[in-house]
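# Summary of structural features
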Amino acid sequence: MPTMISSSNHLQREYRTVDCPALLRDTTNGTILHKRETTGEHPFWISLHSKEFDPGRWMIMERGQYYEFILEEIWEHLLSKANGDKLHVMDVGANIGYYSLLSASARSAITVDAFEPNPHNQRRLCESIHLNGWDGTETGNASINVFAYGLSNQTSQAMFVENRVNPGAGQFRTVDDGKASDANAKLDDALVSMLPVITLDDFAQNRGWLDAGSMMPRIEILKIDVEDHEAQVLLGARRLLQTQQVRNVFMELSQESRIHNLHLVKEALQILVDAGYRLVGEGKVRGPKNDVTWKEYRTTVPWIMAHLKRQKMPYLNLWWSLDHEEHRPSAIIGAR
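This structure is a prediction, so every number in the text was calculated from the model and none was measured.

## Structural notes on the environment of A22
By the element assignment, A22 lies in helix α1 (residues 20–27). A22 gets classed as buried once you look at its relative accessible area, which sits at 16%. Residues A22 and C126, 104 residues apart in the sequence, show an inter-C-alpha distance of 10.0 Å.

What follows is the structure, given as structure tokens:
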């Protein structure tokens, strides 16, 4: 059983994208076994795992849409109304890439950086990019870049534990996540590997986005869905968020995070508050039903933690925005 490593000495100076054409040649000979065109306003092709391997996302094959349909509607609205010819989306915990693909379908001149450490999911996303022609080789087309990294609060390597029944539920285990004490005792060696993790600040610095006078892109959406590791991702994105070039942040916050990582979660959420982000009400999405007003805002973090504790559901969906006055719930998802 490998041991957990958490060290900033392994600083990678260049972050390479996954070579999708080579990956597809080596693993599938270009054969895509399970593909489906979605049925939304902006349809696209998506490659899926087999039903036996990933029953949770197989409903896309059966229905042509994802199960988070309200979030999908909000997502498309934000991208359709965003100003500028060149938009950017960052998809942290991309899974098979549904939201990366949704972004590319909504705007032609868009760049998506998709971070997905699980090799099984990387293959599916590469197949979908091939099906839709979103590899950035054609002028005017969307471009999706796949990065085989996890995101965390330091650049190093960490234990990644695959989920036997859900390829979208793999987890990183690091020394500060509160689960280290029993990790080695309960895990199957076949499901464990050591994978590279980086920080969003290191990634942004590598791109020159944080340099004085640099032309940093407007990042319309940053999505973080990383199975109880969201706090660490935010802690590693402090400088990027302070630039206020990331306009909207969508994230999950789970009961597991509250139980195991309470101090990290509070610190991470405070980063968003201090950077000027406000919570936006999302109607029937798991989270606040109404925008958090200025009067309430100084107690936003305690309110979130108390709300999560009261919830019977395993997690909350939180939408943070710098453009909160433009995104009233009624204007996006109607009176639901």
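## Brief notes about the sheet that holds strand β3 (residues 87–92)
Across the sheet, which stays open at both edges, the seven strands sit in the order β5-β4-β3-β10-β11-β13-β12 with mixed pairing between neighbours. The open sheet has two free edges, formed respectively by β5 (143–147) and β12 (278–279), since each of these has just one partner strand. Where β3 lies against strand β4 (residues 110–115), six bridges are found, and the strand directions are parallel. Across the sheet, residue D91 finds its bridge partner in β4, namely A114. In the packing of helix α3 (residues 69–81) onto the sheet, contacts are made with β3, β4, β10 (219–224), β11 (246–254) and β13 (315–321), and the angle to β10 comes to roughly 160 degrees.

## Re the state of the cysteines
The full count for this structure, using the stated rule, is one disulfide. The disulfide bridge from C20 ends at C126, spanning 2.0 Å between sulfur atoms. Here the S-S torsion is close to -65 degrees, and the disulfide linking C20 with C126 is therefore left-handed. A residue pair is termed long-range when its members are at least 10 positions apart, and C20 in helix α1 and C126 in helix α5 (residues 119–132) qualify at 106 residues. Exposure remark for C20: the relative accessible area of 11% places this residue in the buried category.

The rules we used
- Residues numbered from 1 in each chain as written.
- Predicted model: local features only at pLDDT ≥ 70, side-chain atom pairs only at ≥ 80, totals over all residues.
- Heavy atoms only, no water.
- Helix = DSSP H or I, 4+ residues; strand = E, 2+ residues; numbered from the N terminus.
- Buried < 20%, exposed > 50% of the residue type's maximum accessible area, 1.4 Å probe, protein only.
- Pairing = 2+ DSSP bridges.
- Contact = heavy atoms within 4.5 Å.
- Axes fitted to C-alpha atoms, helices over the stretch in contact; angles between N-to-C directions.
- Disulfide = S-S within 2.5 Å.

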